Amino acid sequence: MGYNCPVRSGALVIVALLGSTAHADGDQAMSVGLGWATFSTLGKPKGKQAPPTLSPDVGGALAVSYERSVSTDLSLRAELAGGVFSGGGEAMESDTSYALLGDAGVVFRFDVLTFVPYAFGGLGGVVAGGGPIDRGADVVLVVGGGLDWLQRRERSLGLEARVASFGGDITVVTFGVRGTVRWGFF
């Protein structure tokens, strides 16, 4: 009986320590990004020639993302992004096109210092219309990464790049700056 009591007490202490909340659990962040965007898609074939690759003359993107930390390195991420493009259309097509994207996934932070590199991936849906990317709704796989520069624990500025592929028919690439606000840490 004397041996079992310390062993049980020790086991309870170990379980309590292992099951405790990690430092970053519950951290939350909201980010807004603005940047350059482009797409690449196949045009309509002309006769027996291969279809040409189309891309816009200029494009821009706005993204809003929310993150909730699961641990110090791993977070869950939800994102809404939109892009507007001009150019790239063929004859009888509008010059203006757009893509609206919503996805959910994970983000992995490689280090937590002043400069924090990260990578993310997600699965979601996209609605694309106008000009050469008038495709309707489709499933999308998003991968990307970036670098955050921590101003304070609560705020950071950074660069972010993303590639979204819509089942191989069209690929959208964005690169831009983002600002992040964090809360919920202790």
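Remember, it's a predicted structure, so these values are computed and weren't measured experimentally. (Residues numbered from 1 in each chain as written. Predicted model: local features only at pLDDT ≥ 70, side-chain atom pairs only at ≥ 80, totals over all residues. Heavy atoms only, no water.)

### A short note on the pairing of strand β9 (residues 170-183)
The two faces of β9 differ: I170, V172, T174, G176, R178, T180 and R182 on one face are buried, but T171, V173, F175, V177, G179, V181 and W183 on the other face are not. Alignment of strand β1 (residues 28-42) against β9, held across 14 bridges, turns out to be antiparallel. Bridging from a neighbouring strand, F39 pairs with V172 of β9. Bridge count for strand β8 (residues 155-165) against β9 is 11 bridges, and the pairing is antiparallel. The residue of β9 that forms the bridge with E160 is G176. (Buried < 20%, exposed > 50% of the residue type's maximum accessible area, 1.4 Å probe, protein only. Helix = DSSP H or I, 4+ residues; strand = E, 2+ residues; numbered from the N terminus. Pairing = 2+ DSSP bridges.)

### Comments concerning a nonpolar patch on the surface
A surface patch of nonpolar side chains, about 1000 Å² in accessible area, is lined by M30, V32, L34, W36, L62, V64, L159, F175, V177, V181 and W183. Breaking the nonpolar patch down by element, the ones donating at least two residues are β1, β3 (58-69) and β9. Mapping L62 onto the fold places it in strand β3. (Patch = residues over 30% accessible without salt bridge, like charges linked within 9 Å, V, L, I, M, F, W, Y side chains within 5 Å. Areas by Shrake-Rupley, 256 points an atom, 1.4 Å probe, with all protein chains shown as cover. Salt bridge = Lys/Arg side-chain N within 4 Å of Asp/Glu carboxyl O.)

### Focus on the pattern of salt bridges
Counted under the stated rule, the structure contains 12 salt bridges. Where E67 meets R178, a salt bridge forms, and the shortest distance between an N and an O atom there is 3.9 Å. A residue pair is termed long-range when its members are at least 10 positions apart, and E67 in strand β3 and R178 in strand β9 qualify at 111 residues. Each of the two residues, E67 as well as R178, counts as buried. With a shortest N-O distance of 2.4 Å, R162 and E79 are connected by a salt bridge. Note that R162 is positioned in strand β8 and E79 in strand β4 (residues 74-86), a separation of 83 residues in sequence. Accessibility assignment for this pair places R162 and E79 in one class, buried. Because the salt bridges share partners, they merge into one network encompassing E67, R77, E79, R109, D148, E160, R162, R178 and R182.

### A short note on the side chain of T174
Relative to the helices and strands, T174 resides in strand β9. Among the polar contacts listed, one links the side chain of T174 to the side chain of R162, at a separation of 2.8 Å. Ignoring sequence-local partners within four residues, the contact set of T174 consists of W36, A37, A61, E160, A161 and R162. (Polar contact = N/O pair within 3.5 Å; in protein donor to acceptor, adjacent residues only side chain to side chain. Contact = heavy atoms within 4.5 Å.)

### Brief notes about the confidence of the model for the chain
Chain-level statistics for the chain give a pLDDT mean of 83 and a share of 84% at 70 or above. Mean pLDDT across the secondary structure elements of the chain bottoms out at helix α1 (residues 4-18), with 51, and peaks at β3, with 96. pLDDT under 50 marks residues 15-23. Its contacts with residues more than four places away, or in other chains, come to three contacts. (pLDDT = per-residue confidence, 0-100.)

### Concerning the packing of aromatic side chains
The description of an aromatic ring pair uses the distance of the two centres, along with the angle that the planes make with each other. This model, assessed by the stated rule, comprises five aromatic pairs. Ring geometry for F115 against W149: centres 6.0 Å apart, planes inclined by 10 degrees, an arrangement best described as stacked. Placement of the pair is F115 in strand β6 (residues 115-129) and W149 in strand β7 (residues 136-150), with a sequence separation of 34 residues. For R77, the ring lying beneath its charged end belongs to F120, and the centroid distance is 3.9 Å. Sitting over the face of the ring of Y118, R109 holds its NZ or CZ atom 5.2 Å from the ring centroid. (Phe/Tyr/Trp six-rings, centres within 6.5 Å; stacked < 30°, edge-to-face > 60°. Lys NZ or Arg CZ within 6 Å of the ring centre and 35° of its normal.)

### Examining the side chain of E67
You can call E67 buried: its relative accessible area is 4%. Residues contacting E67, with those up to four places away along its chain left out, are D27, Q28, A29, S75, L76, R77, V107, R109 and R178.

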